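Breakdown of the fold
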Amino acid sequence: MRRSLLLQNGSSPLAVPYLGILASLQLIDPSVANIALVKASAAMQMEGPTLALAASVSTLAQAATVLVMGFLGDRYGRRRVLAASLLLALVGNLLSMLAPAADVFLLGRALTGIALGSVLTGTFASVRAVSRPGQVSAALGLWNLLIVVGFISGSLLGGWMAVMHWRLAMALVPLICLVSLPLLPLLLPSIPANRTLRADRAGLITIGSAVVLFLYGINHATPGLRSISFWLPTALGMLLFAVHIAIERRCRMPIFPPRLYLRGFFAAAVVNGIGWNVAQAVLQLQTSNFWQLVQGYSTSAVALGQLPFLLCFGVGGILAGRWMAPGRRTLVLMGWGSLALTLGLALLAIVQVQTPYWQLLPALTLAGIGLAFVAVPQSALFVQEAPNNCFGSVLAFRTTSGQLGFAFGLAVSGTMVSGFGFNDLVTHLQLAGLSVDQIPNLDQQVRLFLRNSPIHIEGLQVEPVLRVMREAYSQGMAATMLVVAAFTGLLLALSLLLLIIGSEQQLLHQEEL
């Protein structure tokens, strides 16, 4: 009976949905943790640098180790490393949930980041192994859909649990891991390990350190590009990346072959992934901030507001996966997806303080479909281009480049909203009828407002200040969306050009054979 439920490759038809749910943990965890952090920081007296570290340590730990975990999956077997990663995620979240002090909480968040980066890479790398021949693109579409379904369900459930207690919310991911572990050997076949692989320690250390430095710098871009906390780690990260490439060119078994950067298809996937993540970060952050800060939506109302966008992304991924065939329609799908995504971002520039929700639906729909039509062929290109002897680490680079794009989108969009909308804040506050001696304190409160921090405005100042902030944020967001649409469009256009170059390289290679 069990044999009849298996595909020809020995895997279950439930394997891809299962892998998609596991991959969604990488989105569920930070969403729930960020909600829980508000009360956890108060309970453990986390302030200033400690609070900032609590918010970012998971991402930094993931960035530093995701290529290592991809390598370990190749070296010791994907299923074994996935099981170990789920156990590590369980332990990490339990540490944070039961933490008596900030240091234990931080340790738990770091372990969780390492574990869930490995889970995402491991599930992505396993999709090919559990798919029918010629059906990898369709399987990737289904994998993307289940990530969205898992993220929506997990975020809503985690938010509800956080209302009761932040420690209860931190139990959600361990619970999912606990339920998932017994299913792993039943749904995922054993994928052969490559025991001949050897760790490229210098390559792993340099690329991990470079990404962490770069991410740290980008996360500190909000005060301004001249800030030493931005340009110094960013410059060091870029320098270390150059050192990494030099090391890998001389390595007999590199963790990441530098020649891949010269392949049009791979370069197209990387550039496209960065543009995709910039767009996703800006879209989700700015719509969330607009609805919460300007229009007063609750957290649950914001989640429901983004639902059409996420559903379009999930359904669009299924359609894109079915329309793709090996070597076909990649350029067409990515072209139309790029156009829809760019147009959707640009349409969000209509926002004003009183813009009703329904007027934003066309932009959200276009952006969701565009993201799906770009994501599936992009994922397929990574799978296509990854060499077998470093399959996991190369696929992990999709997560690495995506983190860079996502962090860049968050930091730059926040800076642009501040610059476009709040550049002449003092004048606007004076026009609102506030005295000069009140303005310095109010200016500080507005900066807190931009970072989603609690603000304290006294007495008769409340209404005029809030009116100024809402108008300024709407104005800043409108201009920001136009700039981001143009920037994303340029990156996506460059990826299409690289895709064409890749096709030419493929033809030349075939002629040489």
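Here, every reference points to the structure presented above.
Since the model is a prediction, treat every value here as computed from it, not as a measurement.

Scoring rules and cut-offs
- Residues numbered from 1 in each chain as written.
- Predicted model: local features only at pLDDT ≥ 70, side-chain atom pairs only at ≥ 80, totals over all residues.
- Heavy atoms only, no water.
- Helix = DSSP H or I, 4+ residues; strand = E, 2+ residues; numbered from the N terminus.
- Contact = heavy atoms within 4.5 Å.
- Areas by Shrake-Rupley, 256 points an atom, 1.4 Å probe, with all protein chains shown as cover.
- Phe/Tyr/Trp six-rings, centres within 6.5 Å; stacked < 30°, edge-to-face > 60°.
- Buried < 20%, exposed > 50% of the residue type's maximum accessible area, 1.4 Å probe, protein only.
- Lys NZ or Arg CZ within 6 Å of the ring centre and 35° of its normal.
- Core = buried A, V, L, I, M, F, W, Y, C linked by side-chain atoms within 4.5 Å.
- Expected span 1.5 Å × (residues − 1).
- Arc of directions from axis to C-beta.
- 1 Å grid on protein atoms, 1.4 Å probe; cavity = no way out; pocket = protein on both sides within 12 Å on 5 of 7 lines; lining within 4 Å.
- Points joined across faces, edges and corners; volume = space filled by probe spheres on them.

A few words now on the overall build of the chain. Helix and strand content of the chain: 19 helices and zero strands. Considering only contacts within the chain whose residues lie at least 6 apart along the sequence, 79% involve residues at least 24 apart. If you sum the accessible surface of the chain, you get close to 23000 Å²; carbon and sulfur atoms cover 66% of it.

What follows is about the packing of aromatic side chains. The full count for this structure, using the stated rule, is twelve aromatic pairs. Geometrically, the ring pair formed by Trp276 and Phe313 is tilted, given 5.9 Å between the ring centres and 50° between the ring planes. Within this pair, whereas Trp276 is found in helix α11 (residues 264-294), its partner Phe313 is found in helix α13 (residues 307-323), the two being separated by 37 residues in sequence. Where Trp323 meets Phe373, the ring centres are 5.7 Å apart and the plane angle is 85°; that geometry is what we call edge-to-face. With Trp323 in helix α13 and Phe373 in helix α15 (residues 361-385), this residue pair connects regions lying 50 residues apart in the sequence. For Trp323, a relative accessible area of 39% gives the class partly exposed. By way of ring pairs, the aromatic residues Phe241, Tyr261, Phe266, Phe382 and Phe397 are connected into one cluster. The ring of Phe391 carries the charged tip of Arg128 above its face, separated from the ring centre by 4.0 Å.

With 120 residues, the main nonpolar core has Trp143, Phe266, Leu345 and Leu395 as its most contacted residues. When residues of this core are assigned to their parent elements, the largest contribution, 16 residues, is made by α11. Every residue in contact with Phe266, bar those within four places of it in the chain, is listed here: Phe256, Leu260, Tyr261, Phe382, Glu385, Val394 and Phe397. In terms of nonpolar packing, the next biggest core, distinct from the first, is built from 17 residues, Leu37, Met44, Val57 and Leu106 among them.

This paragraph deals with helix α10 (residues 228-249). Helix length check: α10 (22 residues) gives 32 Å between terminal C-alpha atoms against 32 Å at 1.5 Å per residue, within 8%. All of the buried residues along α10 are Phe230, Pro233, Thr234, Gly237, His244 and Glu248. Buried residues of α10, viewed axially, fall in a sector of 100°; they line one side. When the buried face of α10 is taken as reference, the exposed residues oriented beyond 90 degrees from it are Ile228, Leu239 and Arg249.

Turning to the environment of Val127, a few remarks are in order. By the secondary structure assignment, Val127 is in helix α4 (residues 102-127). Since its relative accessible area comes to 1%, Val127 is described here as buried. Between the alpha carbons of Val127 and Ala15 there is a distance of 8.3 Å; along the sequence they are 112 residues apart. When sequence neighbours within four positions are dropped, the list of residues in contact with Val127 reads Leu19, Ala139, Leu140 and Trp143.

Here we take up empty space enclosed by the protein. The tally for this structure, following the rule as stated, stands at three cavities of 30 Å³ or more. The space that makes up the largest cavity amounts to roughly 60 Å³. Contributing to the lining of the largest cavity are Met69, Gly70, Gly73, Arg78, Val81, Leu82, Ser85, Ser118, Thr121 and Gly122. Contributions of two or more residues to the lining of the largest cavity are made by α2 (48-76), α3 (78-98) and α4.

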